[in-house]
Amino acid sequence: MAKAKAPARRTIRCYLCGNRSEVSLRTMSTTCPKCNRAIKVEDVTVKTYLPVNDLQTCGKVTITAKGRVVAKRIQCGDGVVCEGTIEAAIETDGDVSLGPKALWKGQVLQSRSLQIADGAKLLGLVTVPWHRPESNGEKK
Amino acid sequence: MAENNEFGTVIGADANFKGDLSFDSAAKVLGKFEGSITSKGKVQVADGADCKATVKAKEISVEGHIEGNIEATDRVELRPKGIITGDITAARMTMADGASIDGHCRIGVNGQSGSRSATSSAEVKPQQQQAAAKK
C-alpha cells in the first residue's frame, strides 16, 4: 500500500505586501518574491513576557497561560491562540481564539473569525470577519 | 414552540415593531425591531431577527442581527449566525466561530488604571525614608 504523500509545500501570504507565494513546509523564514523583504514563516509560541514593537509571522502565534505580549501590533497568517495576555493590535488572515483566562487589550482586532471563551476579557475595537485587501500588483 | 415558553414576551417573525420596550423577565425577538429594548432578564434575538436597537439586559443572546449598542450586566452570547454592528459592554461574553462583530468591545474590564501609579508611589516612600535616615 503506497502511502499518500502530504503536500510538501504551503501557500503563505506576505504580511508586509500581501503577496501570495509557495514555500516548503520546512521553511522558517524567506524573502518575499514581490517586496524582497525578509519574512518569518515559522509558528511563534510565547511562554513568558515578550515586549516587542511588531510580532510578525506568516504562521500561527500562540500565547500560553503565562505568556504576555506587549507590542504595537501582531500580524500573522495562520491566526492567534491566546490563553494569556495580549496588549497589541491584532491583524491576521486566520482565526483568533481567546481562552477563558485570556486578556486582549489593543486598538483593533481584525481576523477572519473570532472565538471567545467564557471568562475572556476584551477591550478594543473588533472587526470580524476581516479580510486583508489584495495587493495591487500581485505576482502571477 | 415549546422553547418559547421560557420567554414571557415574544415578538413574532412577522412583526415589525418601532419603539421602546422594557421587560422584567425574558423576551425573544423573532421579527424586525427598531428602537430600544430594556430588560432585567434575558433578551434573545433569534435567527432571522433584525434589530436596529439599543439593547440593555442582564443576559443577551444573539443569533440574528443587531445594529446598535448592547449592554449586558451579566453576559452576552453570540451564536454562529449572530451579527452585531455596534459597541458591546458586558461582564462576560462567549462568541462562536462564524459570528461577526463590528464595534468596540468592553468585556470584563473596568478600564480603571490607577492602581499601578499608587504602588509606584508606595515603593518610593521607603527610599525617601532611607535617604532621610542617612542624613
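Keep in mind the model is a prediction, meaning the values are calculated, not measured. (Residues numbered from 1 in each chain as written. Chains lettered and ligands numbered in written order. Predicted model: local features only at pLDDT ≥ 70, side-chain atom pairs only at ≥ 80, totals over all residues. Heavy atoms only, no water.)

Some thoughts on the domain arrangement of chain A
All names here are of chain A. If you check the domain split of chain A, you get domain 1 (8–41) and domain 2 (43–131). Computed over C-alpha atoms only, the centres of domain 1 and domain 2 are separated by 21 Å. Contacts between the two partners involve 8 residues from domain 1 and, on the opposite side, 9 residues from domain 2. Together domain 1 and domain 2 conceal approximately 690 Å² of surface at their shared face, both sides included; 51% is due to carbon and sulfur atoms. Counting the surface domain 1 buries against domain 2, the share from its top three residues, R13, Y15 and K40, is 66%. Close ionic contact of D78 with R10 constitutes a salt bridge, the shortest N to O distance being 3.0 Å. Looking at the side of domain 1 that touches domain 2, the elements with two or more residues in it are β1 (9–13) and β4 (38–40). Counting residues per element, the side of domain 1 that touches domain 2 draws most heavily on β1, at 3 residues. (Domains from an automatic or database assignment. Contact = heavy atoms within 4.5 Å. Buried area = accessible area lost by both parts, 1.4 Å probe. Salt bridge = Lys/Arg side-chain N within 4 Å of Asp/Glu carboxyl O. Helix = DSSP H or I, 4+ residues; strand = E, 2+ residues; numbered from the N terminus.)

Notes on the interface of chain B and chain A
Each partner contributes residues to the interface: chain B has 20 residues there, and chain A has 18 residues. Here chain B packs against chain A, burying approximately 1,600 Å² in sum over the two surfaces, 54% of which is carbon and sulfur. Its largest share of buried area at the contact with chain A, chain B owes to M95(B), D97(B) and C105(B), together 30% of the area lost on that side. Our enumeration of links across chain B and chain A arrives at 2 salt bridges. Measuring nitrogen to oxygen at the nearest pair gives 3.0 Å for the salt bridge that ties R92(B) to D118(A). Applying the counting criterion to the chain B and chain A interface returns 7 residue pairs in polar contact (both at pLDDT 80 or more). If you list the elements that add at least two residues to the side of chain B that touches chain A, you get β10 (88–95) and β11 (100–107) of chain B. Ranked by the residues each element gives to the side of chain B that touches chain A, the list is headed by β11(B), at 8 residues. Residue composition of the side of chain B that touches chain A, grouped by class: 8 nonpolar, 6 polar and 6 charged. Sheet topology note: the strand β15 (residues 121–128) of chain A/β11(B) ladder contains 7 bridges and is antiparallel. Across the sheet, the residue bridging to L122(A) is I107(B), located in β11(B). (Polar contact = N/O pair within 3.5 Å; in protein donor to acceptor, adjacent residues only side chain to side chain. Nonpolar A, V, L, I, M, F, W, Y, C, P; charged D, E, K, R; others polar. Pairing = 2+ DSSP bridges.)

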